[in-house]
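What follows is each chain in one-letter form.
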Amino acid sequence: MAMLEKIRSKAVLLVVVVGVALLAFIIGDFLNSGSTFFHQKKENVVVVNGEGIHFQDFQAKVDARVNGQKMNTGKNLSDDEMQRVRLDVYNSLIDNMLYKEEADKLGIVVSKEEYFDMTMGDNVSPMIQQMPAFQNPETGRFDKDILIEFLQLTEAEDYDMYPAEYQAQLKAQKQQWLIVEDLILEEQLKSKFSTLVASAVLTNSIEAKESFENNKISVDFDYVAQPYSSIPDSEVSVSDAEIQKRYNETKESYSQEEAKLLNYIAINIKPSKADFENVETKLSGIKADFQSKENVAEIVQINSDFPYVNAYRSFNSLDRNLQNFVGNNTIGSVEGPLLIGNEYHLYKLEGEKVASDSVKFNMLPLPMFNDEATFKTVTDSLMQVVKTTSFSEMALSATGGQSNGEFGWATEMELASQANVSFKDQVFNAKVNDLFIAEIPNGGKFMIQILEKTAPVKKYKIADIQVVVNPSQETKRAEYNALSQYVSNNHSVAAMKDNASEAGYNLRADVEIVKDQINLGGIQNTRQIVQWAFNQKDGAISDIYECQNGEYLVVAAVASSLAEGYRPLASVTNLIERELINEKKGEKILADLKSKNLTTMEQYAEALGTTPQSVKFVTFATSNISGIGNEPVLNAEAPLAQVGEVAGPFLGKSKAYIIYVTDKKVGEEEYNEDMQKQQLQMQNSFLRYSIMQSADLLRENATIDSNFNNFY
């Protein structure tokens, strides 16, 4: 029975761990799928280097992730959030398969000793330490004793001694803990693999010397600049042959995945005049009851889109409409319906009083105990400490330095909304320096100390029935019929595009989408249109989709398709042309300035109609120059320029620069090759380790056959 009581006392702990473990479940091991999946390709969500992930197994992982998020947030996921979960699971599984495959080739394993050390030894995984379930509620820090106690409850082989409901619970907890362990092992394997690769590349003497020299010289300089945009595009020309040549030279930078170019119309349905009139009529109909009856809170709760808040507010905290209302009415008065934006309001002035608008207080969450006597003993002790020291010292001691208990200022509205009316009343009715215990139902108990109160002011209690005017079904039907008629009259990609503006529609043209895109233009629930597009040929026009909970109507047309590989010249012509135009503008600026034979910064500044700016401490390795940004040409040229001489013009990314070095400092530190190598090796290893923490490099050489879009 003692063990049973432990289970009951740890019920919350177990539930929290379930939530955490379910989130971790997405990284579970799919590496034993076997050849069956290879022969059932159509049933696999993805096949990685010949090894598949079956749809049912993949969906189980997704369901576990979704259930975990629901447990943590208490909310259902939207369609877009569901798709993000699927993509996260999908990418995580692929990455883990690739890491495991490479680790097997290299003989990298996680030993039993490592596993024990990361779960119950001296180096418990940070992942476990960060789980709230294993943190001491008083200190907020990881407590290994709590972890060990949890493992003792869940790792037993025989649960027959416990009631059936606890048996099921313990078995579930054990299964979820095994999933957490798998996640830890996978992360450790990935870390060891990444560390090995990052450490395999060494720094040589030439690199070390070059790095030292690059940071040895630091210069201060003045500069003036002429932006390329100062020259009209019409003054330079770029030929098709030049564009083609540049495309051939830089083709590798235009690689792409499979994509579609969509034209689509998205209508954000707005409420009609009749919709506004209907809401106004409804509120007018309850106005008499609102004014005459006493059950104000109930009337608000039934009719308003926003909850009733039982609190007083100062005049200055009210918006202009409410200030006018309280300034021109007496208690019991009702005003409205008033239209503000897309909301109607019906106000009732319930009361007035003179009291403090805000209270400043300390607050410390208190631990829960099984019996009231123990709780009172602990709280009395804490209160006694406050009397001899201070609330902040008591709180810091009680929380292990995590909190000093300072809450700050709060109004009645804030406390009533964030906690409840009872808690709000206890705080606002207390006197300065009062120390007491306040409770929030289902939210715990707190030690409160009142520090300050604002001077008394006149405050008002206002009941506000707020109703948002939304489009009715009739309004939505009218918009749908109009759009349907437009598509029927313009049933081609060209016609839809050419006639949209005249029909009053805003058509977005040539929007590039990829297979795993979640939505169009941030509109929720448009994933279905992306799926549709990748199963259609060029020229196809979709049905009309209702998206984002019926707020939008969307119709799309496939303008063209982009195959995986290199983007065609036509799709990047504008980018290349702009790049070449800027280069020619730079060359023109360079020629114009040189032809003027300018020799001083003052002459250059006058010629450019600007004034010199100054920067300091620029080296070859400076990644971002103050006031300029990333400009490699200045990193290269400034350290080489002579002090007291004008240098340039130099052509940068978007401007031409002339510089005048005002000071140059050469580091006096002697070159130490071993130290420089160590420093550079550390920097390079960290960079390579960061790169290898992503599986992108492994994906480049992997064969990944994805059917994800066919399922989702």
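Located above this text is the structure these notes cover.
Conventions we followed
- Residue positions within a chain follow its written sequence, with the count starting from 1.
- Totals for whole chains, interfaces and linings use all residues, but because this is a predicted model, local features are given only for residues with pLDDT of at least 70 and pairs of side-chain atoms are given and counted only at 80 or more.
- Hydrogens and water are ignored here; the side-chain numbers use all heavy atoms of the structure.
- Stacked, tilted and edge-to-face are the three classes applied to pairs of Phe, Tyr and Trp rings, where Trp contributes its six-membered ring and a pair requires centres within 6.5 Å; stacked means planes under 30 degrees apart, edge-to-face means over 60, and tilted covers the rest.
- A run of H or I in DSSP counts as a helix once it spans at least four residues, and a run of E counts as a strand once it spans at least two, with each numbered from the N terminus.
- Using a 1.4 Å probe on the protein chains alone, a residue whose accessible area is under 20% of its type maximum counts as buried, one over 50% counts as exposed, and one in between counts as partly exposed.
- We count a charge as sitting over a ring when the NZ of a lysine or the CZ of an arginine lies within 6 Å of the ring centre and within 35 degrees of the ring normal.
- Salt bridges are defined by distance alone: a side-chain nitrogen of Lys or Arg within 4 Å of a carboxyl oxygen of Asp or Glu.
- As used here, the term nonpolar core means buried Ala, Val, Leu, Ile, Met, Phe, Trp, Tyr and Cys residues forming a set that is joined through side-chain atoms within 4.5 Å.
- Contacts are residue-level and defined by heavy atoms, with any inter-residue pair within 4.5 Å sufficient.
- By definition, the arc is the one covered by directions from the helix axis to the C-beta atoms.
- Under this definition, polar contacts are N or O atom pairs within 3.5 Å; protein pairs additionally need one hydrogen-donor-capable and one acceptor-capable atom, and for neighbouring residues in sequence, both atoms have to be side-chain atoms.

Draft legend 1. Region of the structure containing the packing of aromatic side chains. Following the criterion strictly, the structure yields 18 aromatic pairs and no others. Between Phe58 and Tyr712, the aromatic rings sit 5.7 Å apart at their centres with planes inclined by 50 degrees, giving tilted as the arrangement. Of this pair, Phe58 sits in helix H4 (residues 55-73) while Tyr712 sits in the segment after helix H27 (708-711); the two residues are 654 residues apart in sequence, bridging distant segments of the chain. The two residues Phe58 and Tyr712 agree in class, both being buried. Put simply, the rings of Phe55, Phe58, Tyr90, Phe708, Phe711 and Tyr712 pair up and form one aromatic cluster. Sitting over the ring of Tyr671, Lys209 keeps its end group 4.4 Å from the ring centre. Sitting over the face of the ring of Phe375, Lys445 holds its NZ or CZ atom 4.6 Å from the ring centroid.

Draft legend 2. Highlighting the pattern of salt bridges. If you walk through the whole model with that rule in mind, you get 28 salt bridges. Ionic pairing is found between Glu579 and Arg246, a salt bridge with its closest N-O pair at 2.4 Å. Taken together, the positions of Glu579 in helix H22 (residues 569-595) and Arg246 in helix H11 (residues 240-249) put the pair 333 residues apart, joining distant regions of the chain. Exposure remark for Glu579: the relative accessible area of 33% places this residue in the partly exposed category. Ionic contacts of the salt-bridge type, sharing partners, join the residues Lys245, Arg246, Glu249, Glu579 and Glu583 into one network.

Draft legend 3. Inspection of unusual backbone geometry at higher detail. Cis geometry is found at the peptide bond from Gly336 to Pro337, where omega equals 0 degrees. Pro649 follows Gly648 through a cis peptide bond whose omega is 5 degrees. Counting through the fold element by element, Pro649 comes out in strand E19 (residues 646-651). The residue Asn49 is not glycine, and still its phi comes out positive at about 50 degrees. Note on placement: Asn49 falls in the loop between strand E1 (44-48) and strand E2 (51-54). Despite not being glycine, Phe617 shows a phi value in the positive range, around 60 degrees. Looking at where Phe617 falls in the secondary structure, it is placed in strand E18 (residues 613-618).

Draft legend 4. Quick look at the nonpolar core. Grouped together as the largest cluster of nonpolar side chains are 28 residues, with contacts concentrated most on Phe58, Tyr90 and Phe708. Secondary structure elements with two or more residues in this core: E1, H4, helix H5 (79-106) and helix H9 (164-199). If one sorts the elements of this core by residue count, H5 sits on top with eleven residues. Leaving out residues up to four positions away in the same chain, Tyr90 has contacts with Val45, Val46, Phe58, Ile704, Ser706 and Phe708. Counting 18 residues, the second-largest nonpolar core is a separate cluster that includes Val511, Leu520, Ile523 and Phe534.

Draft legend 5. The arrangement of helix H23 (residues 601-608) in detail. When we look at burial in H23, the residues that qualify are Met601, Tyr604 and Ala605. End-on, the buried residues of H23 take up no more than an arc of 100 degrees, which puts them together on one face. Across H23 from its buried face, at more than 90 degrees, point the exposed residues Glu602 and Glu606. Considering only its buried residues, H23 is in contact with strand E3 (217-227), H22, E19 and strand E20 (655-666). Gly609 lies just past H23 and shows a positive phi near 65 degrees.

Draft legend 6. Inspection of the side chain of Asn525 at higher detail. In this structure, Asn525 sits in the loop between strand E14 (507-514) and helix H21 (527-533). By relative accessible area, Asn525 is classed as buried at 14%. Engagement of the side chain of Asn525 in a polar contact is seen with the backbone nitrogen of Asn549, the distance being 3.4 Å. The contact partners of Asn525, leaving out residues within four places of it in the chain, are Asp79, Asp80, Cys547, Gln548 and Asn549.

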